[in-house]
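# What the coordinates show
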Amino acid sequence: MNNLDKTYTALLQDILDNGVEKKDRTGTGTLSVFGRQIRHKMSEGFPLLTTKKMAFKTMVTELLWFLSGDTNIKYLVDNDCHIWDGDAYKNYKSTTLENDMKKSAWELTVQSMSGEKFILSQEEFINKIKTDDEFAKKWGELGPIYGKQWRSWENEVVNYSGMKYSREPVDQIANLINDLKTNPDSRRLMISAWNAGELDQMVLPPCHYGFQVYTRELSMDERMQIWQNQQDGRSEFIMECLDTIPTRAISLMWNQRSVDTFLGLPFNIASYGLLLEIIAKEVNMVPDELIGNLGDVHLYSNHIEQAREQIGHDLTAEERYHLWFDLNYETGMERHYDPERLPDYDNDYWQPTPTRSRHPFSLPTVSINTEFWQTESGDCGVGPLKTNLQGFEIDDFQLANYQSHPAIKAPLSN
């Protein structure tokens, strides 16, 4: 069952029908609505949209970058993830222009005579990030964004005499994992990326600014169902095997102030879905529900036609016939459309034939390879991960049974 694509395309239609025109910082312009919610049951499949092809590895790369605490795009660029290229380049360009304005005429003349370019193109900038470590260290840095806040929130304290001093930075992710293991019913299982004291140091304030997790005890019936799903034809004694079945389910709810609905939101949904899977694996719980609370939900003005394409349209009788033919016969075979003699689309002998152009496919599944993750003892093998989560590799996350419609290209506004 795939209700996620239906919910998502309904949100696109909601914006088209009810959105108001608003200006934005990028100068592109948006159609915007306020206050919407996405809900998904993880038991229905991994939340990766199928009404357009999604770049799964790109999403995984960015999430692992967040979890590592890194805030420099070097890791992303080296792994062919270019989500943050535009923000880093925009920061480089504006800073370089500002610095050049402060230079004397003589300094500018010398710079010109030396052949040094005043400003690199974005392509040249990214190539230099790849090949020049010193350049990457300076210009690839995005400031104290998500990874810094998740893993190393600055902790300044004022004592009774008014003196300020710093304590160890707070690793929110490590604290969350510990609290889930020791006090899973806590109402303080939260992570925040919105550090108001450091917003002016970030190239972009967090769009998804925080998340909360919630756990509940599984009923015996639910645990029995999990055991049955895992049997795959085996017949172990049930009471012995139930000891290995998780006793709790875990849900995650994230909050997002600004939502690029066409390009950004599908990645946010999948990213928090994978984060929920990772946390559940770490604390031996079952992923339950994924919820997104969305603030300013918008479509950029240059994404309108792409949104309509993804929503799709009802197929005409002839379009449905040709789709039926493509599903059931080899490509290139001769076809004869006769409106008086249409096939029985509901006959179980044939593949089911959709009625819409961008019909949702079944959701995929994700498997997490724990074989080479480092344990708390420093050894490798299945077991609790080190709380610094440095054992992750991109290929540890494998997507299975993913079927989708073709990708839909749209420009990214920075």
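Nothing here was measured: the structure is a model prediction, and the numbers come from that model.

### Here's the deal with the packing of helix α9 (residues 172–182) against helix α12 (residues 264–283)
With their axes 10 Å apart at the nearest point, α9 and α12 run at an angle of 50° to one another. Classified by the angle between their axes, α9 and α12 sit oblique to one another. Crossing geometry of α9 relative to α12 is assigned as right-handed. Contacts between α9 and α12 involve Leu176, Ile177, Leu180 and Lys181 on the former and, on the latter, Ile279, Glu282 and Val283.

### Quick look at the confidence of the model for the chain
Note that predicted coordinates carrying low pLDDT should not be read in detail. Mean pLDDT over the chain stands at 86; residues scoring 70 or higher make up 83%. Note that residues 378–384 has pLDDT below 50 and, in this model, 18 contacts with residues that lie over four places away or in other chains.

### Structural notes on the pairing of strand β7 (residues 248–260)
Of all the 13 residues making up β7, ten are buried; the element is thus mostly covered by neighbouring parts of the structure. Sheet topology places strand β6 (residues 208–217) next to β7; nine bridges connect them, and they run antiparallel. Each bridged residue has a counterpart across the sheet, and for Phe211 the counterpart in β7 is Trp254. Pairing of β7 with strand β8 (residues 286–300) involves ten bridges; the strand directions are parallel. Bridging across to β8, Trp254 finds its partner in Gly292. Taking the sense of rotation as the criterion, the β-α-β connection linking β7, α12 and β8 turns out right-handed.

### Examining the pattern of salt bridges
Tallied over the full model, the rule gives 18 salt bridges. Residue Lys57 pairs with Asp395 through a salt bridge whose shortest N-O separation is 3.0 Å. Here Lys57, found in helix α2 (residues 56–68), pairs with Asp395, found in the loop between β9 (365–368) and β10 (397–400); they are 338 residues apart in sequence, far enough to count as distant. With relative accessibility at 49%, the residue Asp395 sits in the partly exposed group. One salt bridge connects Lys128 with Asp132, and the closest N-O pair in it is separated by 3.4 Å. Residue Asp132 is classed as partly exposed on the basis of its relative accessible area, which comes to 26%. Beyond isolated ion pairs, a larger network of salt bridges with shared partners links Lys41, Arg216, Glu222 and Asp288.

### Some remarks on the packing of aromatic side chains
Applying the stated rule across the entire model yields 17 aromatic pairs. With a centroid separation of 5.6 Å and 35° between ring planes, the pair formed by Trp65 and Phe66 is classed as tilted. The same class applies to Trp65 and to Phe66, which are both buried. Between Trp84 and Tyr146, the aromatic rings sit 6.2 Å apart at their centres with planes inclined by 70°, giving edge-to-face as the arrangement. Here the residue Trp84 occupies a position in the loop between α3 (74–78) and α4 (85–101), and Tyr146 occupies one in helix α8 (residues 146–151), the gap between them amounting to 62 residues. In this structure, Trp84 and Tyr146 share a single accessibility class: buried. Three or more aromatic residues joined by ring pairs form one cluster here, namely Trp65, Phe66, Trp84, Tyr146, Trp150, Phe211, Trp254 and Tyr272. The residue whose ring lies beneath Lys52 is Phe262, and the NZ or CZ to ring-centre distance is 3.6 Å.

### Regarding helix α6 (residues 122–131)
For an α-helix, the turn length of 3.6 residues means that residues three or four places apart are oriented alike. Those residues of α6 that fall on the buried side of the exposure criterion are Phe125, Ile126 and Ile129. On an axial view of α6, the arc spanned by its buried residues comes to 95°, and they lie on one face. In α6, those exposed residues whose orientation departs by more than 90 degrees from the buried face are Glu123 and Thr131.

About the cut-offs
Residues numbered from 1 in each chain as written. Predicted model: local features only at pLDDT ≥ 70, side-chain atom pairs only at ≥ 80, totals over all residues. Heavy atoms only, no water. Axes fitted to C-alpha atoms, helices over the stretch in contact; angles between N-to-C directions. Helix = DSSP H or I, 4+ residues; strand = E, 2+ residues; numbered from the N terminus. Parallel < 35°, antiparallel > 145°, perpendicular 65-115°, else oblique. Left-handed = near helix turned anticlockwise from the far one by under 90°. Contact = heavy atoms within 4.5 Å. pLDDT = per-residue confidence, 0-100. Buried < 20%, exposed > 50% of the residue type's maximum accessible area, 1.4 Å probe, protein only. Pairing = 2+ DSSP bridges. Right-handed = clockwise from strand over helix to strand, strands pointing away. Salt bridge = Lys/Arg side-chain N within 4 Å of Asp/Glu carboxyl O. Phe/Tyr/Trp six-rings, centres within 6.5 Å; stacked < 30°, edge-to-face > 60°. Lys NZ or Arg CZ within 6 Å of the ring centre and 35° of its normal. Arc of directions from axis to C-beta.

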